[in-house]
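Read off the chains here:
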Number of protein chains: 2
Amino acid sequence: MRAGQLAQPYPTVSVDDDALSSARLMATQRAPGLIVCDAQGRPCAVLPGSQVLNFLLPRYIQDDPVLARTFAEQAADDLRSRLVHHTVRELLPPRPDASDLPIVDCDATTIEVAALMARLRSPLVAVVDQDKVIGAITISAILMHFLTP
Amino acid sequence: MRAGQLAQPYPTVSVDDDALSSARLMATQRAPGLIVCDAQGRPCAVLPGSQVLNFLLPRYIQDDPVLARTFAEQAADDLRSRLVHHTVRELLPPRPDASDLPIVDCDATTIEVAALMARLRSPLVAVVDQDKVIGAITISAILMHFLTP
């Protein structure tokens, strides 16, 4: 079994796409993250949901549970506005090394996929064929593959 | 809106449950992780899928992509056997500080939930009422809450 055979269709966005619609796509698709492609359509990152929250929430709220507790619920509207007029590129964490990207070739073995997920603690990996994304493998899918007889 | 209102039913396991069946539960439920409760039924950890892979795969395979590539696919059966006769307790990473657990009280605000997810990079938080788990909030649910008008 190769990565290409386990890959399932998965939402992708471009680095230049609107941040708010991309975050909404993640929410409505119940996706643990989105595959992000560069302007040439090559995958260049996986944007996890926690990184969107990281962008939405001011740093002082993340660092101090007491402040988070007292932050008025009504301010949620203000949070949403933090995504307006931004692109996906601005949500991404600093560019990691290529070896730290959860991206595999469609010829990768399932062991390679699992090893990458374990090392990067990633809930999904993008699968590419000739630099184009053909889908993704979630951690549920790889566990199903290994754990069902 | 409080955490208790956003919480959805979510699979829990006990630290003493069988590791293989718990990992299979995670796979079949397509859950990004499982809430783990202690012998008294109180939540004590969230077990992410990547940690199960971390336990399944020998360290030398995780650290070396070339070895991962050459590791025979047939050896997947041997991997499965690594979970037999183990408990969930043995899969858990070293016990973190209480403040590093993705667990909130049902009275927590949604801002508190989001701040905890962002800080811990956790795809879900367990919601408790009087030390009992009443469900979980996924990152999709919290994004839906903040991003839909």
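Look up: the structure comes first, before these words.
A short tour of the structure in this document, coming up. (Residues numbered from 1 in each chain as written. Chains lettered and ligands numbered in written order. Predicted model: local features only at pLDDT ≥ 70, side-chain atom pairs only at ≥ 80, totals over all residues. Heavy atoms only, no water.)

### Examining the pattern of salt bridges
All names here are of chain B.
So, point 1. One pass over the full model with this rule turns up six salt bridges over all chains.
So, point 2. The partner of D16 in a salt bridge is R89, with the nearest N and O atoms 2.6 Å apart. With D16 in the loop between β1 (12-14) and α2 (19-28) and R89 in helix α7 (residues 88-91), this residue pair connects regions lying 73 residues apart in the sequence.
So, point 3. Its relative accessible area of 42% is what places D16 among the partly exposed residues.
So, point 4. On the basis of relative accessibility, which here comes to 47%, the residue R89 falls in the partly exposed class.
So, point 5. As a salt-bridge pair, R42 and D38 come within 3.3 Å of each other at their nearest N and O atoms. (Salt bridge = Lys/Arg side-chain N within 4 Å of Asp/Glu carboxyl O. Helix = DSSP H or I, 4+ residues; strand = E, 2+ residues; numbered from the N terminus. Buried < 20%, exposed > 50% of the residue type's maximum accessible area, 1.4 Å probe, protein only.)

### Some points on the relation of the copies chain B and chain A
Both copies of the chain are related by a screw-like operation: a rotation about an axis and a shift along it.
So, point 1. Screw-axis analysis of chain B against chain A gives a translation of 0.0 Å along the axis, an RMSD of 0.0 Å, and a rotation angle of 180°. These values place the two chain copies in the arrangement generated by a two-fold rotation axis. The C-alpha atom lying nearest the rotation axis in chain B is that of P32 of chain B; the distance is 3.9 Å.
So, point 2. Take the interface residues of chain B: 100% of them recur as interface residues in chain A, which is what a same-surface contact looks like. (Least-squares fit on C-alpha atoms with pLDDT ≥ 70 in both. Contact = heavy atoms within 4.5 Å.)

### A few points about helix α3 (residues 49-56) of chain A
So, point 1. Most of α3 of chain A sits out of view: six of its eight residues are buried.
So, point 2. Among the residues of α3 of chain A, those classed as buried are G49, S50, Q51, V52, L53 and L56 of chain A.

### Examining the interface of chain B and chain A
So, point 1. The interface is formed by 47 residues belonging to chain B together with 47 residues belonging to chain A.
So, point 2. Across the interface of chain B and chain A, roughly 4200 Å² is buried in total on both sides, 67% from carbon and sulfur atoms.
So, point 3. One can count zero salt bridges joining chain B with chain A.
So, point 4. Between chain B and chain A we count four residue pairs in polar contact (both at pLDDT 80 or more) in total.
So, point 5. Those elements that provide at least two residues to the side of chain B that touches chain A are α2, α3 (49-56), α4 (59-63), α5 (65-70), α6 (76-81), α8 (110-120) and α9 (139-147) of chain B.
So, point 6. Here the side of chain B that touches chain A is composed, by residue class, of 29 nonpolar, 10 polar and eight charged. (Buried area = accessible area lost by both parts, 1.4 Å probe. Polar contact = N/O pair within 3.5 Å; in protein donor to acceptor, adjacent residues only side chain to side chain. Nonpolar A, V, L, I, M, F, W, Y, C, P; charged D, E, K, R; others polar.)

### A short note on the sheet that holds strand β5 (residues 124-129) of chain B
All names here are of chain B.
So, point 1. Taken in spatial order, the three strands make up an open sheet running β4-β5-β6, and their pairing is mixed. Looking at the sheet topology across the chains shown, the edges are occupied by β4 (103-105) and β6 (132-138). Strand-to-strand, the axes of this sheet are offset by a mean angle of 35°, without reference to chain direction.
So, point 2. In terms of strand pairing, β5 meets β6 through six bridges, oriented antiparallel. Counted as the bridge partner of D129 is K132 from β6.
So, point 3. Relative to β5, α8 is tilted by about 135°, and along the sheet it contacts β4, β5 and β6. (Pairing = 2+ DSSP bridges. Axes fitted to C-alpha atoms, helices over the stretch in contact; angles between N-to-C directions.)

### Here we look at the environment of V113 of chain B
Residue and element names in this part refer to chain B.
So, point 1. Inspection of the secondary structure puts V113 in helix α8.
So, point 2. Given a relative accessible area of 0%, V113 falls into the buried group.
So, point 3. Ignoring anything within four residues of it in the chain, the contact list for V113 reads A3, V104, A108, V125, I137 and I142.

### Quick look at the sheet that holds strand β1 (residues 12-14) of chain A
All names here are of chain A.
So, point 1. The three strands are arranged β1-β2-β3 in an open sheet whose pairing can be described as mixed. At either end of the open sheet lies a strand with only one pairing partner, and these are β1 and β3 (43-48). Averaged over all pairs of adjacent strands, the angle between strand axes in this sheet comes to 35°, irrespective of strand direction.
So, point 2. Note: strand β2 (residues 33-37) against β3, five bridges, orientation antiparallel. Bridge pairing in β3 places V36 opposite A45.
So, point 3. Sitting on the sheet, helix α2 (residues 19-28) is in contact with β1, β2 and β3, with an inclination near 135° to β2.
So, point 4. Contacts from α3 reach β2 and β3, with the element oriented near 70° to β3.

Take it as geometry only, folks, not as evidence of what the structure does.
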